[in-house]
Every structure is written in C-alpha cells, then in structure tokens.
Amino acid sequence: MTAAPAQSTVWARRYHPAPDAAVRLVCFPHAGGSATFYLPVARALSPAVDVLAVQYPGRQDRYTEPPVDSIHALADVVTDELLGGWADRPLVLFGHSMGAMVAYEVATRLQERGAPAAGLFASGRRAPSTYRDENVHAADDEGIVAEMKRMQGTDEQVFADEEVLRMILPAVRSDYRAVETYQHRPGPPLECPVTVLVGGDDPQVTPEEAQAWERHTDASFRLRTYPGGHFYIVAQAPEVLREIGGFTDNVKPSDGAATPLR
C-alpha cells in the first residue's frame, strides 16, 4: 500500500501532520465551506489523530478551478485521493451538512473497493434516503445570500465586503446545486458505525430525518443532539471534539483496514 504523503495535496490538507497516529480523520466541509474550517480540529486532535481536511475546487487557493456540482462526482474523486495514498491506517470520516453527504458517499465507495471506513460522523444533515424539495441553487444572488444568512454559518464580514461576496457565490451556488440535486442510490448498508450529530434547533434536520441514518448501517448507530441551529458545531466544538476523540481512541489498527481494490 502506498505510504501517505508527508504534506498536503490539492484535495487533502494536512495542517498538523501526526505521522505516528493510529487513526486518520478525514473532514468534509459544508456548502460554501473550505478546508480551513477544520484547522481547529486538526490542532485539537493532533498528535493522537492525523486529521485531513478536504478542499473542494472553486474556493480559496482553488478559486480558479470550476466547482463540482455533484455529490457523486466529488465522492468519486475524493475516494481515489484517499486510496491513492491516505489509506495506510484506519479512516474515520466526518462531514458537516453537505460534507456529511460527501462523506457518506465516500464511505460507500471505500466499502465497495475493499477498504471500508472505520466510522462515519454525519453532522447537521438528514439521512441520504430522506428527501426535501429544495431549489435554493436556482435563486438569484440575493436569494442565495439570504439563505446563507439564515443558516448563520458565514462570517458577517463576508456580507459586508461586496467583492468577496461576489467571489464566493459561484462556489456556494454550485454546492447548493450538488446537495439539492443529489439522488441516493440504494445499496448495501455501511459496515462501519455511524454517529449522527445535530443541533436541536436546526431547520434542516428533523429528529425523524436524523434517526433515519440508522437504516444506512449494519453496525452501531448513535445520535447526539446539541443546543443550537445548523451551525451548532461552532459553539459546541469542545463537546463535538470529545465525541470524535472518544470514538477514535477506540479504533483498532484492524478497523476498516484492508487492501483496497484500485
């Protein structure tokens, strides 16, 4: 199996390398988000956990690249990236909102290719098999901005800077299109444990939609509800980090470890 790169790659950012860690946590950003959202996670969990943060195209240093408006297409590329050099130890996947869907689809692909994940954390997102008729991606720019404000996950300084706002809108719109046009493809349930984390006041996830994740795994299932809305994860970061750390501390070298099928 190929050894992991020492530093970051275009798709995977390794802010605090932990070469001796027994487990690797792969983090997937929300719609409009970027890899740097997880820099505090890498700082907090290293050196016990080697943290990767996925960087989607169309933002930050990948601004000149066209965004990818398909969850399945993103998952295909990220799976290849992980199996190409990062699967030398058990992988635990964590995704928030849109990132939860990408993480889930990556988990299904890793399993199909003989290298199942050791665990999946799905945060702030309803189960893949649930459906809502949403069309934010088709709104005008003002409509997209209104939705971003409603979700309360964007720094207010961004809204105050018209140039920065117009620069990020194409990627945000593309991400919303990816989420809102996503079609779940029925298949075997995951073999790894699934932990679902949600905010109690999140308008994007009902308790029933969160519980529906249980249908997507044959392993253990855990649902945690925290105070807050869609971005509860910011205020509740210490609790979320404890939840992740409690899981990764118990991952064995054999969990999810296999020789991947290329």
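Up top is the structure these notes are about.
Residues numbered from 1 in each chain as written. Predicted model: local features only at pLDDT ≥ 70, side-chain atom pairs only at ≥ 80, totals over all residues. Heavy atoms only, no water.

Asks: What is the right way to look at the packing of helix α2 (residues 71-83) against helix α3 (residues 98-112) in this model?
Replies: When two helices pack together, you describe them by how their axes are tilted relative to each other and by the distance separating the axes. Between α2 and α3, whose axes approach to 8 Å, the crossing angle comes to 55 degrees. With respect to α3, the element α2 is oriented oblique. Crossing hand, α2 versus α3: right-handed. Residue-level inspection shows I71, H72, L74, A75, D76, V78, T79, L82 and L83 of α2 in contact with α3, the latter providing M98, M101, V102, E105, V106, R109 and L110. Residues that form the contact of α2 with α3 fall into these classes: eleven nonpolar, two polar and three charged. (Axes fitted to C-alpha atoms, helices over the stretch in contact; angles between N-to-C directions. Helix = DSSP H or I, 4+ residues; strand = E, 2+ residues; numbered from the N terminus. Parallel < 35°, antiparallel > 145°, perpendicular 65-115°, else oblique. Left-handed = near helix turned anticlockwise from the far one by under 90°. Contact = heavy atoms within 4.5 Å. Nonpolar A, V, L, I, M, F, W, Y, C, P; charged D, E, K, R; others polar.)

Asks: In this structure, what is going on with helix α9 (residues 237-248)? I would like to understand it.
Replies: Because each turn of an α-helix spans 3.6 residues, side chains separated by three or four positions in sequence point in the same direction. Helix length check: α9, at twelve residues, gives a terminal C-alpha distance of 16 Å against a target of 16 Å (1.5 Å per residue), a fit within 8%. Within the span of α9, buried status applies to V240, E243, I244, G245, F247 and T248. (Expected span 1.5 Å × (residues − 1). Buried < 20%, exposed > 50% of the residue type's maximum accessible area, 1.4 Å probe, protein only.)

Asks: Sorry if this is basic, but what is going on with the nonpolar core here?
Replies: Considering soluble globular proteins, one finds that nonpolar side chains tend to be buried as a cluster. Core analysis: the largest hydrophobic core is formed by 44 residues, its most contacted members being F28, L93, V106, L120 and W213. If you list the elements that add at least two residues to this core, you get β2 (24-28), β3 (50-54), α2, β4 (91-96), α3, β5 (119-123), α6 (162-180) and β6 (194-199). Considering each element in turn, this core owes the most residues, nine residues, to α3. Those residues within four positions of L93 in sequence are excluded, and the remaining contacts are V26, F28, A103, V106, A107, L110, A117, G119, L120 and F121. With 24 residues, the next largest nonpolar core counts C27, A118, Y232 and I233 among its residues. (Core = buried A, V, L, I, M, F, W, Y, C linked by side-chain atoms within 4.5 Å.)

Asks: Help me out: how do you make sense of the side chain of T130 in this one?
Replies: Relative to the helices and strands, T130 is located in the loop between β5 and α4 (141-151). A polar atom in the side chain of T130 sits 2.7 Å from the backbone oxygen of A127. The contact partners of T130, leaving out residues within four places of it in the chain, are E209, A212 and R215. (Polar contact = N/O pair within 3.5 Å; in protein donor to acceptor, adjacent residues only side chain to side chain.)

Asks: Would you mind going over the pattern of salt bridges with me for this structure?
Replies: Charged atoms that come close allow side chains of opposite charge to pair. Considering all chains together, one arrives at 14 salt bridges under this definition. Here R24 ties to D50 by a salt bridge, and the two come within 2.8 Å at their closest N and O atoms. Of this pair, R24 sits in strand β2 while D50 sits in strand β3, and the two are 26 residues apart along the sequence. For R24, a relative accessible area of 0% gives the class buried. For E65, the salt bridge is made with R62, and the minimal N-O distance between the two is 2.6 Å. Residue R62 is classed as buried on the basis of its relative accessible area of 4%. Ionic contacts of the salt-bridge type, sharing partners, join the residues R14, R24, D50, D88 and R89 into one network. (Salt bridge = Lys/Arg side-chain N within 4 Å of Asp/Glu carboxyl O.)

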